Amino acid sequence: MTSHDQKLQDENYMRMALSLAFNGTGSVSPNPRVGCVIVRDSKIIGTGWHKCCGEPHAEVEAVRNAGEDVKGSTVYVNLEPCCHHGRTPPCAPMLIEKGVSRVVIGMTDPNPLVDCRGESMLRDAGVEVTSGVLGKESKWMNRGFIRRMRNGRPWITIKTASSIDGNIALKDGSSKWITGESSRQKVHIMRAENDALLSGVGTVIADDPTFTVRDAEGKSPKRVILDRRLRTPLSAAIFNEKNLIFFTSADASVDKINSIRELGAEVLTIDAPECSELEFVMAKLCEIGVNYLMVECGARLTSSLLRYGLADEISIFMAPKILGAGIHFTEYLELDSLDEAISIKDINTSACGDDIWIRGVLSCSPDL
């Protein structure tokens, strides 16, 4: 086989591994999404993916699927096999013990407990290792895990629904419904793909949302509400479901804190100056294992996230309507020059019913 043919074959099998890895979306965090394909004599003998945090890793699943006999095979995995004991045993020693000949890796593991040590262990044992195959795609698959490991915060996606002139509501706050049913259904799918959903008390009071997954498969994310003065009514629909976290100021009413806790929600106080409040919240979410955070909020919080560079991706559902003098989704973001404009790259535009769905990575997002 020529080197060109080998490269194409490696990429084809790695695409399969990435496709398998995606099956873990919404269930594996705080772990990364990993898929594995095992090939011997040009035939696939085993496949697997990491299904849930605490359950066997992708490599173990694939070896089991192959009937445990993988000697002399090539293993394709989109993330470097681990070499440390966590909730489950390490995978690199297991592959060595099973006698695999070659391991093809999409990207190295950004976890400092691994970080090329798995590759080194394999090479030292005489296993041929090829790394960086479909590296860009592998990084995108685990962008949330990378962001948490390297930047100490989740991958943050701002979701907004607006008119074609960028308004999320009329001046009086009316906003139901600007976009159509197809867009709203897609939002439920997006919620199921994220570990947590962040909003502000203004949105809770104005819309009385539940922020749950109803029109799609998958579990509802953790719901996180920023409410410095705990203005959320105790009768709010947000309390109808579990996995609810409030962030409030240190001088918030103790009685209100206790009342909210009695309703089953967790209340955390923000211990940071005003300019660092959002960074404090993101660090706390990182501590509890949130890799992917979706933000559904009003103009003030959206503007703050963009102002402080705490956003990676934007997803805009834009209705073919003109609202005129309404509330713009970046109403509170002021720039001093065009050079400060936040650009969007890797744009993907598609129809969503009668609406336009625009997605892209923000220029303020650190490189993966």
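Here, every reference points to the structure presented above.
Below, the structure is looked at part by part. (Residues numbered from 1 in each chain as written. Predicted model: local features only at pLDDT ≥ 70, side-chain atom pairs only at ≥ 80, totals over all residues. Heavy atoms only, no water.)

This next bit is on the environment of Leu198. Considering the arrangement of structural elements, one finds Leu198 in strand β8 (residues 196–200). Note on Leu198: relative accessible area 0%, which makes it buried. Put simply, Leu198 and Leu293 are 95 residues apart on the chain and 7.0 Å apart in space, counted from C-alpha to C-alpha. Those residues in contact with Leu198 that sit more than four places away from it in its chain are Val224, Leu226, Met282, Leu293, Met294, Val295, Glu296 and Leu301. (Helix = DSSP H or I, 4+ residues; strand = E, 2+ residues; numbered from the N terminus. Buried < 20%, exposed > 50% of the residue type's maximum accessible area, 1.4 Å probe, protein only. Contact = heavy atoms within 4.5 Å.)

Let us now look at the pairing of β8. If a strand is regular, its side chains alternate between the two faces of the sheet. Buried residues dominate β8, accounting for five of its five residues. Side chains Ala196, Leu198 and Gly200 of β8 all project onto a buried face; the interleaved residues Leu197 and Ser199 project onto the opposite face, where all are buried too. Where β8 and strand β9 (residues 222–226) come together, five bridges link them in parallel fashion. Paired with Gly200 across the strands is Leu226, a residue of β9. Of the crossover connections in this fold, the one passing from β8 over helix α8 (residues 201–207) to the parallel β9 is right-handed. Sheet topology places β8 next to strand β12 (residues 292–296); three bridges connect them, and they run parallel. (Pairing = 2+ DSSP bridges. Right-handed = clockwise from strand over helix to strand, strands pointing away.)

Turning our attention to the state of the cysteines. Counted according to the given criterion, the structure contains zero disulfides. Free of any disulfide, Cys36 has its nearest neighbouring cysteine sulfur in Cys91, separated by 8.5 Å. Between Cys52, a free cysteine, and Cys53, which holds the nearest cysteine sulfur, the sulfur-to-sulfur gap is 6.5 Å. Taking the relative accessible area as the measure of exposure, Cys52 reaches 28% and is therefore partly exposed. (Disulfide = S-S within 2.5 Å.)

Think of a pair of aromatic rings as described by two things: how far the centres are apart, and how the planes are tilted against each other in angle. All told, the structure shown has four aromatic pairs when counted by the stated rule. Ring geometry for Phe239 versus Phe246: centroids 5.7 Å apart, planes at 20°, classification stacked. Across the pair, exposure class does not vary: Phe239 and Phe246 are buried alike. The positively charged end of Arg307 is found above the aromatic ring belonging to Tyr308, 5.9 Å away from the centroid. (Phe/Tyr/Trp six-rings, centres within 6.5 Å; stacked < 30°, edge-to-face > 60°. Lys NZ or Arg CZ within 6 Å of the ring centre and 35° of its normal.)

This part covers the packing of helix α3 (residues 91–98) against helix α4 (residues 117–124). Helix-helix packing is described using two parameters, namely the angle between the two axes and the distance between the axes. In contact at an axis separation of 9 Å, α3 and α4 are set at 20° when each is read in the N-to-C sense. Relative to α4, the element α3 lies roughly parallel. The crossing of α3 and α4 is right-handed. Two secondary-structure elements touch here, α3 through Ala92, Pro93, Leu95 and Ile96 and α4 through Gly118, Met121 and Leu122. A per-class count over the contact of α3 with α4 returns six nonpolar, one polar and no charged. (Axes fitted to C-alpha atoms, helices over the stretch in contact; angles between N-to-C directions. Parallel < 35°, antiparallel > 145°, perpendicular 65-115°, else oblique. Left-handed = near helix turned anticlockwise from the far one by under 90°. Nonpolar A, V, L, I, M, F, W, Y, C, P; charged D, E, K, R; others polar.)

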